[in-house]
Amino acid sequence: MAACALMCGLAAVAHASAADRPFTPAVLALTVNAAPAGDVYVLLDGDEVWADVEALEHAGLVRIGGERLSRGTRVFVRLSSIEPRPGIVLDPIELTLTVTADPSLFRGTRLALDRQRPAGIVYSRATSAFLNYGLSWGTGASRSVSLESGATLGPALVTSTLFLAEGRPAARGLTSLTLDDRDRLRRWVLGDAVAATGLLGGGVQLAGVSVSRDFSIDPYFIRFPTATLTGMATSPSRLEVYVNNQLVRTLQVQPGPYELSDVALPTGASDTRVVVRDAFGGVQELGTSSYVTATVLARGLHQYHYAAGFERLRPHTDLFAYGDPVATAVHRTGITDTITAGGRVEAERGFISAGPILATKLWRAGAVEVALAASRDAGTAGAAASLAYEYSGRRGAVSLAWRGATEEYATLSTRRGASRPRSDLLASVHLRTSARSTLGVSWERHAWHGGQPRSARAGVTGSVSLSSGLSLFASVHRAREAHRWSTSAYAGLSIGLGPRAASSVAWEQTGQGRRLVADLQRALPTGPGIGYRVQASALQQGADALGGELHAQTRWVQASVHQAATGGGSYAQVSGAVVAIGGRVLPSRPVRDGFALVRLPGIGNVRAYVSHQEAGRTDRHGDLLLPDLLAYYGNVISIADEDVPPDRTLATDRLLLAPPHRGGAIVEFAAAREWRATGRITIDGDPVALAGQRALDARLRIEGQGSTVETLLGLDGVFYVEGLKPGTYQASLTHGGGTCTATLVIPASDAPVIKAGTTVCRPMVEGEQ
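Description of the structure in this document. (Residues numbered from 1 in each chain as written. Predicted model: local features only at pLDDT ≥ 70, side-chain atom pairs only at ≥ 80, totals over all residues. Heavy atoms only, no water.)

1. Some words on the overall build of the protein
- When helices and strands are counted, the protein shows 3 helices and 57 strands.
- Taking 769 residues into account, the globule formula puts the C-alpha radius of gyration at 27 Å, and the protein, at 38 Å, lies well above it.
- Structurally, the protein occupies a C-alpha span of about 110 × 95 × 55 Å along its principal axes.
- By element, 56% of the accessible surface of the protein is carried by carbon and sulfur atoms, the whole surface being about 39,100 Å².
- Computing the positive centroid from 74 side-chain charges and the negative centroid from 68, the protein places the two 10 Å apart. (Helix = DSSP H or I, 4+ residues; strand = E, 2+ residues; numbered from the N terminus. Rg over C-alpha atoms; globule rule 2.2 N^0.38 Å. Areas by Shrake-Rupley, 256 points an atom, 1.4 Å probe, with all protein chains shown as cover. Lys, Arg positive; Asp, Glu negative; His and termini not counted. Charge placed at Lys NZ, Arg CZ, Asp CG, Glu CD.)

Quick look at the structure:
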C-alpha cells in the first residue's frame, strides 16, 4: 500500500504546474556509496528528490552545498543540485534511495598508526623492595660479595650497590633516587649518575641532579619521522598497509578521503604501500619511499640530558669522596623531519668543551651527522670534529665515520687520564647477496697523541644459511698492533638443536697456531631449569683443551660454574634476591628490571606464563614472583586455567602488564568460588512425609546473608542449591500439605559440593509469618 501511494503521488505531481506543485513526503531506506545509512525523510517533487540534510550528514556527507528549503524543523537539500552531482536511484517498490556521491563530499577519516600500543595494556606499580646478592669465588681469585638494593614507593625508586672483595676495601656503586614521568618521557635522577656527552665529549661520575628525555620510559613511542599516506575511498573499503612488502596493519574506512598518519617505519630505507579494496572488488594502490635513521628526530621533538653536581672521586676505594662541581648538557631538536640540530657542553673549574651537532637525511640515500667542538683547558685551546655517514636498506648497509682532534683538545675523560685520540677512521659495507647469504667488509684505523702506536684492522665476513637451523660462516681479519701485523681466519658450521640449544664446529687460525673447536650449548629457560656450554678444542701444536659452563636456576636462585680448560682455573657464582611486595617477603632470582607478583588467593600449584613460556607455579598461598619482566613494556602474563579448581570461576586468565623501572606490580587473577550445596529436608522428622512424587511438587525457599534462593526438591526431599556460602539460613518449604520452616546450616568445607545433611522442617501454625 505504501509503494502504491508513493507511485500515485509521483504521477500526480508530474501533471502539476511548477508554481503549485505539491511535495510528496516519504521515508526511505538510505544507502550511500554502498553503505547502509538507516532511514531518510524525503520530499518528492516530480523527478527531484529533496533529502533531509541531517540524515545525509549522519551518513558522512558533510561537504555538501546545493539548493535548500525548510519544512518545520527539518532542512532539505535537492540532491541534483549538489556539486559534484551524485548518482541517485529511487526505487518506489522497495522504498529505497541509493546515493552514489563523489568521495570529496564525505568527511575525512584520519587514522594515526604511530605507537601501535597494544589494547588492554595495564600500567601498574606497587610498593615494593628488593635486595640482589651475588657470591663468587674461583681458583687464584679472591672471593667477593655484590649487593644491590632498591625500593619503590609511589613514583620514586631508590637504588644503591655495594661491592665487597677479599683483600680490598668496600666499594659503593651508584646511589640515587629516580623519578620517571611517563607522560613527558622525562627521567629525574637525584644522587649518583654517569654524565657523558657523546663522541667528541667525555664522561664523569658525579653526585647531583640530572634530567633527561628517556625514550625507554615508553617503548611504544616513535621518536623518528613517520610516513603519511592519503587517498580516496569511493565505498566502504579495507586498507592493507605494507612496509617493505610485509603486511603490518589492516583497517576499515568509510567512503571519502582518508589520511594514514604516523605510519611507523623501520630504520633504514623502506617502501610503504597501501592496497585499497572497495566493496565492489576494486583494488587500487598508493605508496611512498622514505629513509629513517636514529640520528634524526621527528619535527618538534626534543632529546636531552642535563646533569650538574660534584665529581665522585675514587669510587673503587672510597665510599664517599667528592670533588669539584661539574656540569654537562646534550640537547638535540628535530627542526624538520629531515634535519636535527643540537649541541653539547661540559664544564668544570678551569675547563670547558662545547660544540654543535647537525644530522640530516639525504632522502633515500642515507643520513649524515656532523659535529664540531672546541675546548679550553687551563688557558690552552683545542678543537675536534667528526663526520659520519650511514645507509641501511633491504639489500645491505654502508657506514663511514671519521673523527679528528688536535693534541690540545680536552674532554672530561682526557683530563682524568684517558688517551687523547688523534684520528679515527671506520668504514664497513654489509651486503645481503641473496635470500640466504650475506657478505661484509670492514676497515678501521686509530691514532693517538702522546706517542702511542697506531692500530688498524681489516676484515671480511660471510655467512650462508644452508637450511633451517644450519648455517655456514667464515671470516678473515688482518690487524696491526704495536707495529706488527697479524692474520686470523675463522670458519664454522652452526647447527640449531631446538628453541634453546645449538652446536657448532669451527676451524680457527691465529698467531698462536691452528685449532679445531667444537661447541655445544643450551640456554636457560624462562623459569626453573638448566643451561650449559661445553667447548672442546684440538691444537695443531700443543695440548687439547676441554672447558665448559653449567648454569642452573630455580625460583629462588641462579648458580653457575665455569671451567676455563682442562687443568685450568675454575670459577663459580651464586646469585639471587629477596623481594618484599604485597605484604610478603619472597626469595627470588635476581631482579634486573621490572618484576611482578602473580596472585591467586588461596590457590596453589597453578602454572604461570610470561610471553607463553612457563615461569613457575603458585605456592600454597597462591603467589608466584616473576623477576624478569621488561619495564614499561606489555608483558603477557597468563595462568593455566585447567590448574584452577573446578569450583572456581576466573574473570580472566591473561593480562598485559607494564611494570615500572626496577619496580614491582601485583597481578591478581580473581577466582571467585562457585558455592554448591546439597542436602535433604523432612517435615517434623517424618522421613516419608516428602517421599516419592509428593517431593517433586514441593518448593524450597532459602534466605539469609543477602541472598535468596528458590529450588525444587528431588525424590525423598533431596535439594541442590548454588551461590550460598557456608552459614546459617532461614528456609521455608511449600508443599501440598501446607508450609513449614527450618533453619538450614551449610557447614564450612573445601569440597566442590558441600553436604548439608538432613534438615527438619517444622509446620507453620496459624498466625505465624
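So that's the structure; there's more coming.
2. Digging into a nonpolar patch on the surface
- On the surface, a cluster of nonpolar side chains totalling about 870 Å² of accessible area is made up of Ile335, Ile339, Leu358, Val370, Leu372, Leu387, Trp402, Leu425, Trp443 and Trp485.
- Looking at the secondary structure, you find Leu372 in strand E27 (residues 367–377). (Patch = residues over 30% accessible without salt bridge, like charges linked within 9 Å, V, L, I, M, F, W, Y side chains within 5 Å. Salt bridge = Lys/Arg side-chain N within 4 Å of Asp/Glu carboxyl O.)

3. A closer look at the pattern of salt bridges
- The tally for this structure, following the rule as stated, stands at 33 salt bridges.
- In this structure, the salt-bridge partner of Arg415 is Asp377, at a minimum N-O distance of 3.1 Å. Here the residue Arg415 occupies a position in the loop between strand E29 (396–405) and strand E30 (421–431), and Asp377 occupies one in strand E27, the gap between them amounting to 38 residues.
- Assessed through its relative accessible area of 32%, Arg415 is described here as partly exposed.
- You can call Asp377 buried: its relative accessible area is 15%.
- With a closest N to O distance of 3.0 Å, Arg584 and Asp623 form a salt bridge. (Buried < 20%, exposed > 50% of the residue type's maximum accessible area, 1.4 Å probe, protein only.)

4. Some words on the nonpolar core
- Grouped together as the largest cluster of nonpolar side chains are 23 residues, with contacts concentrated most on Leu30, Val40, Val42, Leu56, Leu61, Leu79 and Leu97.
- Contributing elements (two or more residues each) for this core: strand E1 (24–32), strand E2 (35–45), strand E3 (48–52), helix H2 (53–58) and strand E7 (96–100).
- Leu30 has contacts with Ala35, Pro36, Ala37, Gly38, Val40, Ala55, Leu56, Ala59, Leu97 and Val99, leaving out every residue within four places of it along the chain.
- Of all hydrophobic cores here, the second largest spans 22 residues; its members include Trp675, Leu700, Val721 and Leu724. (Core = buried A, V, L, I, M, F, W, Y, C linked by side-chain atoms within 4.5 Å. Contact = heavy atoms within 4.5 Å.)

5. Regarding the environment of Thr98
- Considering the arrangement of structural elements, one finds Thr98 in strand E7.
- Separated by 524 residues in sequence, Thr98 and Gly622 place their C-alpha atoms 61 Å apart.

6. Regarding the environment of Asp183
- Residue position: Asp183 is located in the loop between strand E14 (176–181) and strand E15 (186–196).
- Separated by 303 residues in the primary sequence, Asp183 and Ser486 have C-alpha atoms spaced 53 Å apart.

7. A few points about the sheet that holds strand E6 (residues 87–91)
- Spatial strand order, E4-E5-E3-E2-E1-E7-E6: 7 strands in an open sheet with mixed pairing. Each having just a single partner strand, strand E4 (68–71) and E6 make up the two edges of the open sheet. The average angle at which neighbouring strand axes cross in this sheet is 35°, direction not considered. (Pairing = 2+ DSSP bridges. Axes fitted to C-alpha atoms, helices over the stretch in contact; angles between N-to-C directions.)

8. Thoughts on the state of the cysteines
- Under the criterion given, the structure shown has 1 disulfide.
- Covalent S-S linkage joins Cys740 and Cys761, the inter-sulfur distance amounting to 1.9 Å. Taking the sign of the S-S torsion, 115° for the link of Cys740 and Cys761, the bridge is right-handed. Taken together, the residues span a long stretch of sequence, with Cys740 in strand E56 (residues 738–746) and Cys761 in strand E57 (residues 754–763) at a distance of 21 residues. For the pair Cys740 and Cys761, one class covers both residues: buried. (Disulfide = S-S within 2.5 Å.)

9. Points about the side chain of Ser638
- With respect to the helices and strands, Ser638 occurs in strand E46 (residues 635–639).
- Discounting chain neighbours no more than four positions away, the residues touching Ser638 are Arg607, Ala608, Tyr609, Asp653, Arg654 and Phe669.

10. Focus on the packing of aromatic side chains
- Under the counting rule described, the total for this entry stands at 7 aromatic pairs.
- Aromatic pair Tyr220 and Tyr633: ring centres 5.5 Å apart, planes at 10°, arrangement stacked. A residue pair is termed long-range when its members are at least 10 positions apart, and Tyr220 in the loop between strand E16 (203–213) and strand E17 (227–233) and Tyr633 in the loop between strand E45 (623–629) and E46 qualify at 413 residues.
- For Tyr220, a relative accessible area of 11% gives the class buried.
- According to the relative accessible area criterion, Tyr633 is partly exposed, its value standing at 36%.
- Taken together, a centroid distance of 6.0 Å and an interplanar angle of 45° make the contact between Tyr304 and Tyr306 tilted. (Phe/Tyr/Trp six-rings, centres within 6.5 Å; stacked < 30°, edge-to-face > 60°.)

11. Focus: the sheet that holds strand E19 (residues 246–253)
- Taken in spatial order, the 4 strands make up an open sheet running E19-E18-E21-E22, and their pairing is antiparallel. At either margin of the open sheet sits one strand with a lone partner, and together these are E19 and strand E22 (283–292). Strand after strand, the sheet turns through a mean of 20° between neighbouring axes, direction not considered.
- Pairing analysis gives 6 bridges linking strand E18 (residues 237–243) to strand E21 (residues 268–277), with the strands arranged antiparallel. Directly across from Tyr242, in E21, lies its bridge partner Arg273.

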